Amino acid sequence: MRVLAEVHRRDGYPVNWPDQPAEWLSSGALLGSWVAELEGRVVGHVSLSQGGDGDLAPTLWSQRTGATRGATAVVGRLFVAPQARGHRIGAQLIGQAVEEAQQRGLHPVLDVVACGTAAAALYERLGWELMATVEQQWSPCQKVAIHCYAAPS
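A quick note: this is a predicted structure, and the numbers were derived from the prediction, not measured. (Residues numbered from 1 in each chain as written. Predicted model: local features only at pLDDT ≥ 70, side-chain atom pairs only at ≥ 80, totals over all residues. Heavy atoms only, no water.)

Engineer: Just to check I follow, could you spell out helix 1 (residues 2-11) for this structure?
Structural biologist: The periodicity of an α-helix, 3.6 residues per turn, causes residues three or four places apart in sequence to face the same way. Residues of helix 1 that are buried include every one of V3, L4, A5, E6 and V7, and no others. Elements that come into contact with the buried residues of helix 1 comprise helix 2 (21-25), strand 2 (41-50) and strand 3 (72-80). Just beyond helix 1, the residue with positive phi is G12, at close to 75 degrees. (Buried < 20%, exposed > 50% of the residue type's maximum accessible area, 1.4 Å probe, protein only. Helix = DSSP H or I, 4+ residues; strand = E, 2+ residues; numbered from the N terminus. Contact = heavy atoms within 4.5 Å.)

Engineer: When you look at the pairing of strand 5 (residues 129-139) in this model, what are you seeing that I'm missing?
Structural biologist: Moving residue by residue along a regular strand, the side chains alternate between the two faces of the sheet. Two elements, strand 5 and strand 6 (residues 142-150), share nine bridges in a ladder whose sense is antiparallel. Paired with T133 across the bridge in strand 6 is H147. The turn linking strand 5 back onto strand 6 is made up of two residues. (Pairing = 2+ DSSP bridges.)

Engineer: Is there a simple way to explain the nonpolar core in this structure?
Structural biologist: By size, the foremost hydrophobic cluster in this structure holds 33 residues, and its most contacted members are Y123 and W128. Where this core is concerned, the elements lending two or more residues are helix 1, helix 2, strand 1 (29-38), strand 2, strand 3, helix 4 (89-103), strand 4 (107-113) and helix 5 (117-125). Considering each element in turn, this core owes the most residues, seven residues, to helix 4. With near-sequence residues (within four places) excluded, Y123 lies in contact with L78, I94, L110, V112, W128 and Y149. One finds W61, V144, I146 and C148 within the second-largest nonpolar core, a separate group that totals 10 residues. (Core = buried A, V, L, I, M, F, W, Y, C linked by side-chain atoms within 4.5 Å.)

Written out as structure tokens, the structure reads:
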């Protein structure tokens, strides 16, 4: 939780701080989650889950490929401690989630807020394809632009 709180203070991720951060990290139809350590300290996290109601990328991938929505796995909850950046930790965490998805016969996809420019830049450096940017209503008074990505085939 300490690393997540640091990332939230520095980068504004997650956009809305969850009431129960531990539950937020493990919510949904979780297929797995991983942490990264550097010099014996936890410095990052990523999860892999089946798509939920709020996930847009699985639907876009399904429409694009004709595959079922269930043929995808959603990479999410990715964050790296600010002081640990520059060590390819984010790329390694994504790689682990992608490997797990592929072992399960699923295609990795993800949604990221459009204001998360550093995250989007990482995905694009790793070859992820931007499928669309869409507006999503998160609450009656909060509409957010979301980038939807698919992992390279």
